[in-house]
Amino acid sequence: MCGIAGVFGHPEAAKLTYLALHALQHRGQESAGIVSSDGTRLYGHRAMGHVAEAFSEERLTKLPGDSALGHVRYSTAGDSSLRNCGPFWVDHALGPIAVAHNGNLTNAETLRRTLEEEGAIFQSTTDSEAFLHLIARSREVTTVERIREALKRVEGAYSLIFLTDRFLVAARDPYGFRPLVLGRLRDAWVVASETCAFDLIEATFEREVAPGEIVVIDANGVRSLQSQPAREARCVFEHIYFSRPDSVVFGKNVYTVRNQLGRELAREQPAKADVVVPVPDSGVPAAIGYAAELGLPFEMGLIRSHYVGRTFIEPSQSIRHFGVKLKLNAARSVIEGKRIVVVDDSIVRGTTSRKIVKMIRQAGATEVHLRISAPPTTGPCFYGIDTPTKRELIASSHSVDEIRDYLGVDTLGYLSLDGVLRAAGAADGRGFCHACFSGDYPVGVRAQGGG
Ligand code: 5GP
Ligand code: SF4
Ligand code: MG
């Protein structure tokens with residue numbers, strides 16, 4: 001998964017992009033990159049790690065100009081290495097261009113094979129680089145037309161920002177899988193994956209970039225081109241798990257939706273218990289809604305450490321469930337002697353949830369009831385979320401009763417898809433992708449790994 005941001009027409013474009021990326025850090029922690037433009041050429045820097053590690057004050061001064069774009073990455077296509085970090089930038093016949101991409105192309109392999117047969121030399125193993133090859137090879141006479149043509153040849157999920165020496169482009173695939181929003185900061189224009197990035201830089205939210213839309217921002221202002229007719233299938237998992245709760249995504253505040261998911265869950269899957277405990281952080285808003293709906297007390301019975309890095313030195317006398325224990329600890333004072341409802345957003349492999357349940361039992365819970373504010377995850381995502389293969393998804397091959405037994409809980413309850421869609425504001429069930437829960441994939445996937 002990835003987060004993207006762009007700024008057009010501000011003297012501190014790179015610095016604002018850096019801050020926007022910081023607000024989008026939850027969308028990708030593997031690498032960060034920024035490309036800026038001073039009207040004559042592009043300047044770029046990419047590095048592994050978090051935004052704050054990847055950029056120093058000095059680094060940012062080497063990214064001059066009044067427009068910029070940036071990217072934070074969590075690999076979904078291509079391995080984790082510097083050559084696969086976004087953004088990508090090149091010089092082609094019509095000038096310099098950079099791209100930041102969130103999403104996954106479903107025809108990436110065939111597209112790459114075709115381009116390579118035509119002579120393209122790829123520098124990375126990501127699907128994102130294909131956009132630049134398509135633009136470079138196009139016969140159209142303007143860069144914007146070349147972008148439009150390139151977008152017609154790719155399939156799948158893309159929220160995109162392009163930057164040239166003269167303008168910035170924001171575009172979204174016809175399904176609108178991944179979010180992308182447009183905002184203003186006085187005379188400057190800003191684009192980002194989520195509105196939480198605007199809040200930090202004090203920009204105002206204008207509107208969503210529409211599915212299938214291409215927005216061109218240059219010295220004359222903003223104009224909009226429809227590249228392809230919209231076939232809306234926004235990713236419902238953005239609301240369930242991925243986006244930040246303070247963002248407005250697909251026109252709805254994420255916290256409000258999650259709270260509503262919890263309320264729907266309480267109606268569908270009530271539990272007789274003494275206290276509601278969220279799995280932090282992602283389970284918190286749904287747990288608050290769940291507790292409120294049933295009139296049960298809400299307590300932080302699991303405490304999360306915010307200082308867990310990628311790797312940690314383990315003592316030679318091994319500690320059971322070390323990884324989970326580093327991150328979470330059960331608060332005995334909340335849990336001991338009580339019937340606990342644990343609320344989380346999703347179960348993927350089930351391995352983490354199982355350890356959390358053990359931890360809660362060890363802290364003295366008399367009963368553990370697990371409630372999930374989404375349906376069972378039965379299939380992988382091919383549109384940019386890093387879910388494991390179908391085989392690794394516990395719900396792809398196990399019934400709810402079997403999962404309950406594996407996790408060691410007294411009862412297990414999932415929210416129905418109808419409940420999810422109601423909470424997300426799609427009572428008619430339309431406009432959203434829910435393929436990882438329903439198997440109803442909006443775009444077919446040609447033989448490839450995906451992820
Ligand atoms: P499991 O029990 O399946 O091992 O882990 C469940 C936990 O994984 C849940 O708390 C859920 O919030 C989290 N989760 C769900 N989807 C993702 C994802 O795409 N990335 C990460 N890092 N965690 C996820
Ligand atoms: Fe989102 Fe699931 Fe659809 Fe992927 S398959 S886009 S995670 S709803
Ligand atoms: Mg979680």
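Residues numbered from 1 in each chain as written. Chains lettered and ligands numbered in written order. Predicted model: local features only at pLDDT ≥ 70, side-chain atom pairs only at ≥ 80, totals over all residues. Heavy atoms only, no water.

### Regarding the overall build of the protein
Stated formally: Think of it this way: any DSSP run of H or I at least four residues long counts as a helix, any run of E at least two long counts as a strand, and we number them from the N terminus. Each radius of gyration is computed over the set of C-alpha atoms, and the globule rule expresses the reference value as 2.2 Å times the number of residues to the power 0.38. Relative accessible area decides the class of each residue, using a 1.4 Å probe on protein chains only: under 20% of the type maximum gives buried, over 50% gives exposed, and in between gives partly exposed. Should any heavy atoms of two residues lie within 4.5 Å, those residues are counted as being in contact. Areas reported here follow the Shrake-Rupley algorithm with a probe of radius 1.4 Å; residue values treat only the protein chains shown as occluding. When charges are counted, neither His nor the chain ends are considered; positive counts come from Lys and Arg and negative counts from Asp and Glu. The atoms used to mark charge sites are NZ of Lys, CZ of Arg, CG of Asp and CD of Glu.
Helix and strand counts for the protein stand at 17 helices and 23 strands. The C-alpha atoms of the protein give 23 Å as radius of gyration, which agrees with the globular expectation for 451 residues (22 Å, within 12%). Overall, the C-alpha framework of the protein stretches about 70 × 45 × 45 Å when taken along its three principal axes. Counting every position in the protein, which comprises 451 residues, the buried fraction comes to 56%. Intrachain contacts of the protein at a sequence separation of at least 6 include 69% that bridge at least 24 residues. Here the protein has roughly 18,500 Å² of accessible surface; of this, 49% comes from carbon and sulfur atoms. Distance between charge centroids for the protein: 3 Å, based on 51 positive and 52 negative side chains.

### Points about the pattern of salt bridges
This is how it is decided: A pairing counts as a salt bridge when a side-chain nitrogen of Lys or Arg comes within 4 Å of a carboxyl oxygen of Asp or Glu.
Applying the stated criterion across every chain yields a total of 28 salt bridges. Between Arg234 and Glu232 there is a salt bridge, with its nearest N and O atoms 2.5 Å apart. Among the ionic pairs, Arg349 bridges to Glu392, the shortest N-O distance being 3.2 Å. Residue Arg349 is found in the loop between β20 (339-344) and α13 (351-362), and its partner Glu392 is found in the loop between β21 (367-372) and α14 (394-397); the two are separated by 43 residues along the sequence.

### Things to note about the packing of helix α9 (residues 254-268) against helix α16 (residues 417-424)
When two helices pack together, you describe them by how their axes are tilted relative to each other and by the distance separating the axes. Formally: Working convention: axes come from line fits to C-alpha atoms, limited for helices to the stretch in contact. Angles between N-to-C directions cover 0 to 180 degrees. For any helix crossing, the convention is left-handed if the near helix is rotated counterclockwise from the far helix by under a right angle, and right-handed if that rotation is clockwise. Any residue that is not Ala, Val, Leu, Ile, Met, Phe, Trp, Tyr, Cys, Pro, Asp, Glu, Lys or Arg is counted as polar, Gly included; the first ten are nonpolar and the last four charged.
Here α9 crosses α16 at 145°, and the two axes come no closer than 8 Å. Considering the relative orientation of α9 and α16, their crossing is right-handed. Contact residues: Val257, Gln260, Leu261, Glu264 and Glu268 in α9; Gly419, Val420, Arg422, Ala423 and Ala424 in α16. For the contact of α9 with α16, the residue count by class is five nonpolar, two polar and three charged.

### Digging into the packing of aromatic side chains
Rules: Geometry of aromatic contacts follows a simple scheme: Phe, Tyr and Trp rings, the Trp one being its six-membered ring, pair when their centres are within 6.5 Å, and the pair is stacked under 30 degrees between planes, edge-to-face over 60, tilted otherwise. Geometrically, a charge over a ring is one whose NZ (Lys) or CZ (Arg) sits within 6 Å of the ring centre while staying within 35 degrees of the ring normal.
Under the counting rule described, the total for this entry stands at 11 aromatic pairs. Between the aromatic rings of Phe177 and Tyr383, the centroid separation amounts to 4.2 Å while the plane-to-plane angle is 20°, which identifies the pairing as stacked. You can see Phe177 sitting in the loop between β8 (168-172) and β9 (181-185) and its partner Tyr383 sitting in the loop between β21 and α14, a full 206 residues away along the chain. With respect to class, Phe177 is no different from Tyr383; both count as buried. Aromatic ring contacts, followed pair by pair, group Tyr175, Phe177, Phe382, Tyr383 and Tyr441 into a single cluster. Here the basic side chain of Arg184 rests over the ring of Trp189, its NZ or CZ set 3.9 Å away from the ring centre.

### Observations regarding the site of ligand 2
For clarity, the cut-off: Put simply, a residue is near a molecule or strand once any heavy atom of it comes within 4 Å of that molecule or strand.
Taken together, the neighbourhood of ligand 2 is formed by Phe177, Arg178, Cys235, Val236, Phe237, Cys381, Tyr383, Ile385, Cys433, His434, Ala435 and Cys436. Contributions of two or more residues to the shell around ligand 2 are made by α8 (236-242) and α17 (435-438). Residue composition of the shell around ligand 2, grouped by class: 10 nonpolar, one polar and one charged.

### Quick look at the sheet that holds β8
Strand pairing in a sheet takes place through backbone hydrogen bonds and is either antiparallel or parallel in direction. Under the convention used in this document: Two strands form a pair only when DSSP identifies at least two bridges running between them.
Overall, antiparallel pairing links the six strands, which are arranged β5-β6-β7-β8-β12-β13 in an open sheet. Pairing within the sheet leaves two strands with one partner each, and these edge strands are β5 (88-92) and β13 (221-226). The sheet shows a mean angle of 20° between the axes of neighbouring strands, taken without regard to direction. Pairing geometry for strand β6 (residues 95-102) and strand β7 (residues 159-164), over six bridges, is antiparallel.

### Observations regarding the domain arrangement of the protein
Definition in use: For the domains described, the bounds stem from an automatic or database domain assignment. Buried area counts how much accessible surface, traced with a 1.4 Å probe, disappears from two parts once they are put together, with both parts' losses summed. Here a polar contact means two N or O atoms within 3.5 Å. Within protein one must be a hydrogen donor candidate and the other an acceptor candidate, and residues neighboring in sequence count only if both atoms are side-chain atoms.
Per the domain assignment, the segments making up the protein are domain 1 (2-233) and domain 2 (249-430). With centres defined by C-alpha atoms, the gap from domain 1 to domain 2 works out at 33 Å. Contacts between the two partners involve 18 residues from domain 1, matched on the other side by 10 residues from domain 2. For the domain 1 and domain 2 pair, buried surface summed over both sides reaches about 1,000 Å², with 60% attributable to carbon and sulfur atoms. If you look at where domain 1 meets domain 2, you find zero salt bridges. One can count two residue pairs in polar contact (both at pLDDT 80 or more) joining domain 1 with domain 2. A per-class count over the side of domain 1 that touches domain 2 returns four nonpolar, nine polar and five charged.

### Side note on the site of ligand 1
Looking at ligand 1, there are 13 residues lining it, with Asp344, Asp345, Val348, Gly350 and Ser353 nearest. Contact between ligand 1 and Arg349: an oxygen atom at 2.8 Å from a main-chain N or O atom of the residue. In isolation ligand 1 offers 520 Å² of accessible surface; the protein chains occlude 76% of this area. At the level of elements, α8 and α13 are the ones that each hand at least two residues to the shell around ligand 1.

### Comments concerning the sheet that holds strand β22 (residues 411-414)
With respect to topology, four strands assemble into an open sheet ordered β17-β20-β21-β22, the strand pairing being parallel. Every interior strand has two partners, whereas the edge strands, β17 (275-278) and β22, have only one. Here the strands of the sheet are splayed against their neighbours by 20° on average, with no regard to which way each runs. Pairing analysis gives six bridges linking β20 to β21, with the strands arranged parallel. The partner of Arg339 across the bridge, within β21, is Glu367. The strands that α9 touches are β20, β21 and β22; relative to β22, the one it contacts most, it runs at about 125°. Along the sheet, helix α10 (residues 284-294) contacts β17, β20 and β21; its crossing angle with β17, the most-contacted strand, is approximately 165°.

### Re the state of the cysteines
What counts here: When two cysteine sulfur atoms lie within 2.5 Å, the pair is treated as a disulfide.
Tallied over the entire structure, the rule returns zero disulfides. Of the cysteine sulfurs around Cys2, a residue in no disulfide, the closest is that of Cys85, at 9.9 Å.

### With respect to helix α5 (residues 130-137)
Taken across its eight residues, α5 has six buried, putting it largely inside the fold. Where α5 is buried, its residues touch β5, β6, α4 (108-117), α6 (143-153) and β7.

### With respect to the side chain of Thr164
Relative to the helices and strands, Thr164 resides in strand β7. For Thr164, a relative accessible area of 1% translates into the label buried. Engagement of the side chain of Thr164 in a polar contact is seen with the backbone nitrogen of Arg166, the distance being 2.9 Å. If we ignore the near neighbours within four places in the chain, the residues touching Thr164 are Ser37, Leu42, Pro96, Ile97 and Thr143.

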